[in-house]
Every structure is written in C-alpha cells, then in structure tokens.
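Coordinates in review
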Amino acid sequence: MNNKIAVMASGKGSNLQVILSAIQAGECAAKVEVVICNKADAGALQIAKDAAVPHVFYVNPKEYKNREMYDEACAAIIKKADCSLIVLAGYMRILSASFIQSFPNQILNIHPSLLPSFKGADAVGDALRAGVKISGCTVHYVTEELDSGKILTQACVPVLEGDDWYSLHARIQEQEHKIYPQVVHQLVI
Ligand code: GRF
C-alpha cells in the first residue's frame, strides 16, 4: 500500500481542501495524486489545480454510454496513477458495482449524518425533519449497498433550536473537516 490517493468530488470541495491543507501542514501522510470531478463547475477542480495535484480530470458523464463505462474510465485513471485509496468527497454519483468490486476496502466516503441513520442524498434535511437533537458525520468504506459499509469514525454535533439546512450542514462540515484528513492519514501510514 502506497500513500497515493484519488479524490472524487462533485461540489465545492471543502473536504478536498482540508485534506490538501493537512498534507501541506504535515498532518496527513497522503499524497493527492488524482482528482476526478463529474461536474465541470465543481469548485474541487480549481482547488486541485491550485494545489498542483498531478492529475486533475473533469470526466463528462455525457461522453459515456452508461454508468459502467463512465466508471471504467475513472478506474483506469486511478489505476494508471497507482493510487491505493479512493476518497469520495461530496461525489454525487452512485458508483457501479464493478467499480466498487475492483477496489475492495479502498473506497472511503464521508456522509453528513450518524449512520446508519439518514442514509441517502439529503441526510441533513432528513435529520431536521425527524427532529433529532444530535447529528453528525460518518467516514465509512463504500460497499455496494448505499451508505452501509464499515464505519471508520464518526463525530457528533448538536441540532439547535432554529437550525435550518445551512446552519446544521455548516456545523457538521466543521467536524467533517477534522475527521476526514485524520482517517485518510491513518489508512496510508
Ligand atoms: C459533505 O457534506 C459530505 O458529507 C457530503 O457532501 C458534502 C461535500 O462537501 N457527502 P464539500 O464539497 O467537500 O465541501
């Protein structure tokens, strides 16, 4: 196992940013070798370029016939760059079974709830609607069943009176930014 990682992201990329910053600060022993985004306007693309990540790709889903072919293209990039860990950081695409099977126990995800509560695409909204008083985030391995792989670590936050989606998500993200670089570090050392 080497320390090279691939990060897959679709959004603003704050988790990618904190991993890069932790590496820069000597707190995370990983090396971000590849960043793949499925959205041309993902903030993560610019963050990766600014940090001089060696291989930065926008892979356009429209150029592929199906999910399997798209994922094969991504897998080929990751394998060519010899990455031993794939870190999903706000990657809003379901991965195909064949992609997941070709990287057993090598794909991590961060999810904005205390799994197994609130699996799925709107964990923050679902937690608010359920009226829970504690929520948080979970780093887990990715398996074929959505948001159900082995839990590696969790952090919790209070849900406060008057919280909306944004205030709760911001509180959860503060914790994400602490735990994700730590877990990545533990897995590459
Ligand atoms: C995070 O809240 C994460 O839990 C979820 O997607 C969001 C990504 O945020 N999977 P960012 O793009 O890293 O800022």
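Right above here is the structure, for reference.
What comes next is a walk through the structure. Keep in mind that what you see is a predicted model, and the values were worked out from it rather than measured. (Residues numbered from 1 in each chain as written. Predicted model: local features only at pLDDT ≥ 70, side-chain atom pairs only at ≥ 80, totals over all residues. Heavy atoms only, no water.)

**Focus: the layout of surface pockets**
For the largest pocket, the calculated volume is near 850 Å³. Taken together, 37 residues line the largest pocket, and the ones lying closest to its centre are Gly 90, Tyr 91, Met 92, Asn 109 and Ile 110. For the lining of the largest pocket, the secondary structure elements donating two or more residues are helix 1 (14-24), helix 4 (97-102), strand 5 (107-111), helix 5 (123-130) and helix 6 (165-188). Its residues assigned to classes, the lining of the largest pocket comprises 16 nonpolar, 13 polar and eight charged. (1 Å grid on protein atoms, 1.4 Å probe; cavity = no way out; pocket = protein on both sides within 12 Å on 5 of 7 lines; lining within 4 Å. Points joined across faces, edges and corners; volume = space filled by probe spheres on them. Helix = DSSP H or I, 4+ residues; strand = E, 2+ residues; numbered from the N terminus. Nonpolar A, V, L, I, M, F, W, Y, C, P; charged D, E, K, R; others polar.)

**Section: the pairing of strand 5**
Most of strand 5 is tucked away: five of the five residues are buried. Neither face of strand 5 is exposed, since Ile 107, Asn 109 and His 111 on one face and Leu 108 and Ile 110 on the opposite face are all buried. Alignment of strand 4 (residues 85-88) against strand 5, held across three bridges, turns out to be parallel. Along strand 5, the bridge assignment pairs Val 87 with Leu 108. Across four bridges, the pairing between strand 5 and strand 6 (residues 134-141) is antiparallel. What sits directly across from His 111, in strand 6, is Thr 138. (Buried < 20%, exposed > 50% of the residue type's maximum accessible area, 1.4 Å probe, protein only. Pairing = 2+ DSSP bridges.)

**Focus on the packing of helix 1 against helix 2 (residues 43-50)**
Contact pair helix 1 / helix 2: the axes reach a minimum separation of 9 Å and the direction vectors enclose 15°. Between helix 1 and helix 2, the interaxial angle falls into the category roughly parallel. As helix 1 runs across helix 2, the sense of the crossing is right-handed. On helix 2, the residues touching Leu 16, Gln 17 and Leu 20 of helix 1 are Ala 44, Ile 47 and Ala 48. (Axes fitted to C-alpha atoms, helices over the stretch in contact; angles between N-to-C directions. Parallel < 35°, antiparallel > 145°, perpendicular 65-115°, else oblique. Left-handed = near helix turned anticlockwise from the far one by under 90°. Contact = heavy atoms within 4.5 Å.)

**Topic: the pattern of salt bridges**
Summed over the entire model, instances satisfying the criterion amount to five salt bridges. Among the salt bridges present, the one from Asp 122 reaches Arg 129, with a minimum N-O distance of 3.0 Å. Residue classification places Asp 122 among the partly exposed positions, given a relative accessible area of 29%. Overall, the relative accessible area of 60% leaves Arg 129 in the exposed class. Residue Arg 171 is joined to Asp 163 by a salt bridge in which the shortest nitrogen-to-oxygen separation is 2.7 Å. Judged by relative accessible area, Asp 163 falls into the buried class, the value being 15%. (Salt bridge = Lys/Arg side-chain N within 4 Å of Asp/Glu carboxyl O.)

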